[in-house]
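Residue-level structure breakdown
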Amino acid sequence: MSDRRIEAHSMTNSEEETIALGRSLGESLCGGEIILISGDLGAGKTRLVQGIAQGLGTDDNPRSPTFVLVNRHIGRLVLHHCDLYRLNSVAEVGELGLLELAEQGDVLAVEWSDRGEGVFPSDSLSVRMERGAEDNNRSISFAGGGPVSLRLVNAMNLVAKR
Ligand SMILES: Nc1ncnc2c1ncn2[C@@H]1O[C@H](COP(=O)(O)OP(=O)(O)O)[C@@H](O)[C@H]1O
Ligand SMILES: [Mg+2]
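First, a word on scope: everything that follows refers to the structure included in this document. Each chain has its residues counted from 1, running along the sequence as written. Each chain takes a letter, starting from A, and each ligand takes a number, starting from 1, following the order in which they are written. Given that this is a predicted model, residues contribute local features only at a pLDDT of at least 70 and side-chain atom pairs are listed and counted only at 80 or more, while totals for whole chains, interfaces and linings are drawn from all residues. With hydrogens and water stripped out, all remaining heavy atoms of the structure feed into the side-chain values.

What follows covers the overall build of the protein chain. By the criteria applied, helices consist of DSSP H or I runs no shorter than four residues and strands consist of E runs no shorter than two, each listed in order from the N terminus. Across its full length, the protein chain carries five helices and seven strands. Reading the protein chain from its N terminus to its C terminus gives the helix and strand order β-α-β-α-β-β-α-α-β-β-β-α. To get the radius of gyration, use the C-alpha atoms; to get the globule rule, take the number of residues to the power 0.38 and multiply by 2.2 Å. By the compact-globule yardstick of 15 Å for 162 residues, the protein chain fits well, its C-alpha radius of gyration being 14 Å. C-alpha atoms of the protein chain, sized along the principal axes, occupy 40 × 30 × 30 Å. Expressed as a percentage of its 162 residues, the buried residues of the protein chain come to 48%. We call two residues in contact when some of their heavy atoms are within 4.5 Å. Sequence-distant contacts, at least 24 apart, represent 66% of the contacts inside the protein chain between residues at least 6 apart. Two residue types count as positive, namely Lys and Arg, and two as negative, namely Asp and Glu; His and chain ends fall outside the count. All charge positions are set by atom: Lys at NZ, Arg at CZ, Asp at CG, Glu at CD. The centroid of the 16 positive side-chain charges in the protein chain is displaced by 4 Å from the centroid of its 23 negative side-chain charges. Burial classes follow relative accessibility: with a 1.4 Å probe on protein chains only, a residue under 20% of its type's maximum area counts as buried, one over 50% as exposed, and anything between as partly exposed.

This is the structure:
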């Protein structure tokens, strides 16, 4: 994400706040968007996806996919939730056929998206999650690479809280 301008930044102080942030993102989705989420283990990536699923009106509660690489949740739109942690090469990521899912109008939320560097289109929403000073602080940065992802950043109406 280093070559992208950070468009919005938020700090959450509990998992509920991160889920709420995800929910507002989920409510803004129209279909076809790709959300790339990076950050260490425990950064809160799956919590954010749980919020996105809520915002799309699914009854499911996404968990980190373990045995399968992609989980599907059906709400107002179809959400494909993937975790690339266990993949070893960018070629493997390409073989998952994720882009086709977005092209057909589904939403893609990708944890450990840095494992698939170069596979995803530039107009994806990049979300970078990091631990903050306190145990429950998370710093969450959003960057858009084109009109679709920038619209999302704006729709979320984030106020920079530092
Ligand atoms: N502000 C916060 N946002 C998200 N999770 C938080 C926050 N503060 C503490 N946590 C905890 O951090 C963990 C995040 O887990 P998870 O979402 O599975 O992370 P990841 O998918 O990045 O590995 C959970 O145990 C959650 O309770
Ligand atoms: Mg996870």
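For two strands to pair, DSSP has to find at least two bridges joining them. As summarised here, the arrangement of the seven strands in space is 1-7-6-2-5-4-3, forming an open sheet in which the pairing is mixed. Because the sheet does not close on itself, it has two edges, and the strands there are strand 1 (8-12) and strand 3 (70-74). Going across the sheet, the axis of each strand differs from the next one's by a mean of 20°, ignoring polarity. Here strand 6 (residues 125-131) pairs with strand 7 (residues 138-144) via seven bridges, running antiparallel. Each bridged residue has a counterpart across the sheet, and for valine 127 the counterpart in strand 7 is phenylalanine 142. Fitted lines through C-alpha atoms serve as axes, helices being fitted only where they are in contact, and the angles separating the N-to-C directions of these axes extend from 0 to 180 degrees.

Bringing the packing of helix 1 (residues 15-28) against helix 2 (residues 45-55) into the picture now. Packing of helix 1 against helix 2 brings their axes to within 6 Å, and their N-to-C directions diverge by 45°. For the element pair helix 1 / helix 2, the angle class is oblique. In this structure, the crossing between helix 1 and helix 2 has a hand that is right-handed. On helix 2, the residues touching Glu15, Thr18, Ile19, Leu21, Gly22, Arg23, Leu25, Gly26 and Glu27 of helix 1 are Arg47, Leu48, Gln50, Gly51, Ile52, Gln54 and Gly55. In this classification, Asp, Glu, Lys and Arg are treated as charged, Ala, Val, Leu, Ile, Met, Phe, Trp, Tyr, Cys and Pro as nonpolar, and every other residue, Gly included, as polar. Here the contact of helix 1 with helix 2 is built from residues that sort into five nonpolar, seven polar and four charged. The scheme is simple: roughly parallel for angles under 35 degrees, roughly antiparallel for over 145, roughly perpendicular for 65 to 115, oblique for anything else. Rotating anticlockwise by less than a right angle from the far helix to the near helix defines a left-handed crossing, while the corresponding clockwise rotation defines a right-handed one.

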